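# Survey of secondary and tertiary structure
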Amino acid sequence: MKNSKKKIPLNTHEVLNLTIITTTDVHGYIFPIDYTTKRPVNYGLARIAPLIEKIRKENKHVLYFDGGDTIQGSPLEYYNGIIGNEIDPTIDAMNYLKCDAMTIGNHDFNFGRKVLDRAIAQANFPFTSANIVKKDTKDPFFGKGYAIYDIEDGPRVAYLALTTKLIPFWEEPEYISDLDFLDPVDVAREYIPMLKKMADLVIVGYHGGFERDPQSGEIISELNGENQGYEMATTLEGVSAYIFGHQHRTFSTKVKEVPVVMASSHGKALGRIDLKLSFDGKWNVKSSEVQIIDPSERSDKELLHRERPFQITVQKWLDEIIGESLGDFYIEDVMYGRTHETALVNLINDVQLYYSGAEISATSIFSPEVHGWKKGMIRRRDVMGVYIFSNTLKVFELTGLEIRDMIEHSASYFALCDKEIVASGDLAGYKYLIFKGISYTIDLTKPSGSRIVRLEKDGKKLEDNKKYTIAVNSYQAGGNGGYTMFIGKKPVKEIKTQIVELIIDYIKMKHTIEPRIEDYWAVIF
């Protein structure tokens, strides 16, 4: 920590402009390329870098903060996390961009503590969080949880880093056994008065998002503590600006006249907050502006050159042929894939059933960008474009009634509008599950919670009190997405290999795969 005595400016009559820029949830996307198709895209840190350079040239006082979820997500970071590089490529890129501080995100734990610890050690900036603490203490485990910056002839600025508290519900226990994840709002209430004694301004960087719409107050996310941005922005005092993330949304707004920004993900946007400051015995924010800036149309060539060796290695690795498809495993439209049986989802469930030995399996189509592959040779990149999360496989025993409740909850994803199936907004698409090992029918003319009109296994009705084994990924295993039947239960079996690697190994073992539609489930209306 720097000297806690606040500075008196040299020229108290002048207005000082402080610019704060931010990225978040970069997920290892440096290069402007779609790793599945090899086609160019207009996002990634290389497209954000020219914006940062321009803003720094045009403004004297600039701070750059990143909101976390940095070292997981792209094949570039998957390779780094599983196989390993001497240097983390995205941290290296952030060093090049002279990032001032980074908040730890939930996905930054996905490849284990060694990978995270190495990234923190390589960062030339604080990579920290105040509410991730040593177990049974209030002491931040990774750094101080905050950083202080002296602005020339200007204020002292504190950056307070906070992280969503639900990581224990998502992460492998062995990665976090020595940590506690405290409530970030409670921690902020403790830290802000302390930081106000050290600094003139406090900026909060929270790896979490809005649970309510910042303007209307309407619920936009489960009120389970995953996202507490609205609570922060409406109840905390003494904060000059907020930087949020985690939700991969785009916000630039003000709450109680305080600017709040969330800059999408994958380097698809740069958030910018401009604070106009004056000094009258103390520094005051006279006015503020907040905006989202689209990526540049050009890339930073020096950054691309710097990270090129990592990219060459990963592209060769992704081009590995792992098998051959005798037909299409392709989903053109995500809603079609969520309302109709598809060969691609059948394959994922088949893999989970094969490696888990469970009776039933459940999986998701994670995003509208997930399509699969067509007839021909299958490459590693094809599979990695389908299973995009760093999940492992877990098996639980559930009763027939609990499985029915799972499917009912999953079916709450749907609504009918003018006789068309649409997303209800009650459940995020990636949380909607498709099951195998059972036969079932969802009737959307029935009210939510009573839509399962057929549920059988091996031609017999699923028995409410009988126990069945079901394979799910490690995210669902934590009871996330409203699947509360898993909370408090211990898995009967765990497969520690990443599910994407299980799919690749399965295809390699089979050599050739053929698409199959078995008509075991349906959505009717």
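This write-up is about the structure you can find in this document. (Residues numbered from 1 in each chain as written. Predicted model: local features only at pLDDT ≥ 70, side-chain atom pairs only at ≥ 80, totals over all residues. Heavy atoms only, no water.)

In terms of nonpolar packing, the biggest core is built from 120 residues, with Phe109, Trp373, Met406 and Phe435 touching the most fellow members. For Phe435, the residues in contact, after removing those within four places along its chain, are Asn349, Ile360, Ser361, Ala362, Met406, Ile407, Ser410, Tyr440, Ile470, Tyr520 and Trp521. (Core = buried A, V, L, I, M, F, W, Y, C linked by side-chain atoms within 4.5 Å. Buried < 20%, exposed > 50% of the residue type's maximum accessible area, 1.4 Å probe, protein only. Contact = heavy atoms within 4.5 Å.)

On to the sheet that holds strand β11 (residues 250–255), then. Strand pairing within a sheet occurs via backbone hydrogen bonds; the two strands may be parallel or antiparallel. Pairing is mixed in the open sheet, where 6 strands are placed in the order β6-β7-β9-β10-β12-β11. With partners counted over all chains shown, the strands left at the sheet margins are β6 (146–150) and β11, one partner each. Across the sheet, the axes of successive neighbouring strands diverge by a mean angle of 15°, strand direction being ignored. Of the pairings in the sheet, the one linking strand β7 (residues 156–163) to strand β9 (residues 201–207) comprises 7 bridges and is parallel in character. Residue pairing for β9: Leu162 is matched across the bridge by Tyr206. The strands touched by helix α7 (residues 184–198) within the sheet are β6, β7 and β9, with β7 carrying the most contacts at an inclination of about 165°. (Pairing = 2+ DSSP bridges. Helix = DSSP H or I, 4+ residues; strand = E, 2+ residues; numbered from the N terminus. Axes fitted to C-alpha atoms, helices over the stretch in contact; angles between N-to-C directions.)

Here we take up unusual backbone geometry. Its identity as a non-glycine residue notwithstanding, Asp153 has a phi of 55°, on the positive side. By the element assignment, Asp153 lies in the loop between β6 and β7. Among the residues examined, Asp153 registers a relative accessible area of 34% and is labelled partly exposed.

With that out of the way, let us pick up the sheet that holds strand β17 (residues 360–363). Pairing within the open sheet is mixed, and its 5 strands lie in the order β23-β17-β27-β20-β28. With one partner strand each, in any of the chains shown, β23 (434–436) and β28 (493–495) form the two edges of the open sheet. Going from strand to strand, the sheet's axes swing by 25° on average, the running direction of each strand aside. Strand contacts of helix α11 (residues 343–356): β17, β20 (393–399), β23, β27 (467–473) and β28, with the helix running at about 135° to β17, the strand carrying the most contacts. Running at roughly 115° to β20, helix α13 (residues 400–411) makes contact with β17, β20, β23 and β27 of the sheet.

For α11, spanning 14 residues, the distance from its first C-alpha to its last is 20 Å, which sits close to the expected 20 Å at 1.5 Å a residue. Most of α11 sits inside the fold, with 12 of its 14 residues counted as buried. Along α11, the positions that sit buried rather than exposed are Ala343, Leu344, Val345, Asn346, Leu347, Ile348, Asn349, Asp350, Val351, Gln352, Leu353 and Ser356. Positive backbone phi, approximately 75°, marks Gly357, located one or two places after α11. (Expected span 1.5 Å × (residues − 1).)

A few words now on the side chain of Glu226. Within the secondary structure, Glu226 is located in the loop between β9 and α8 (229–235). If we skip the residues at most four places from it in the chain, Glu226 touches Thr164, Leu166, Trp170, Tyr206 and His246.

For the rest of this paragraph, the subject is the packing of helix α2 (residues 75–82) against helix α9 (residues 301–318). Packing of α2 against α9 leaves a shortest axis separation of 10 Å and a crossing angle of 90°. When the axes of α2 and α9 are compared, the pair comes out roughly perpendicular. Taking contact as the criterion, the partners of Pro75, Leu76, Tyr78 and Tyr79 in α2 are, on α9, Phe310, Gln311, Thr313, Val314, Trp317 and Leu318. When grouped by side-chain class, the residues that make up the contact of α2 with α9 number 8 nonpolar, 2 polar and no charged. (Parallel < 35°, antiparallel > 145°, perpendicular 65-115°, else oblique. Nonpolar A, V, L, I, M, F, W, Y, C, P; charged D, E, K, R; others polar.)

This brings us to the packing of α11 against helix α14 (residues 499–510). It is at 10 Å that the axes of α11 and α14 come closest, and there the two elements cross at 90°. Of the possible angle classes, the one that applies to α11 and α14 is roughly perpendicular. On α14, the residues that touch Leu347, Ile348, Asp350, Val351, Gln352, Tyr354 and Tyr355 of α11 are Ile499, Leu502, Ile503, Asp505, Tyr506, Ile507 and Met509. Of the residues contributing to the contact of α11 with α14, the split by class is 11 nonpolar, 1 polar and 2 charged.

The next subject is the layout of surface pockets. The gaps left among the atoms become clear once a water-sized probe is rolled over them. Size it by volume and the second largest pocket reaches roughly 380 Å³. A per-element tally of the lining of the second largest pocket places helix α5 (residues 167–170) first, with 3 residues. In terms of residue class, the lining of the second largest pocket is made up of 10 nonpolar, 4 polar and 6 charged. (1 Å grid on protein atoms, 1.4 Å probe; cavity = no way out; pocket = protein on both sides within 12 Å on 5 of 7 lines; lining within 4 Å. Points joined across faces, edges and corners; volume = space filled by probe spheres on them.)

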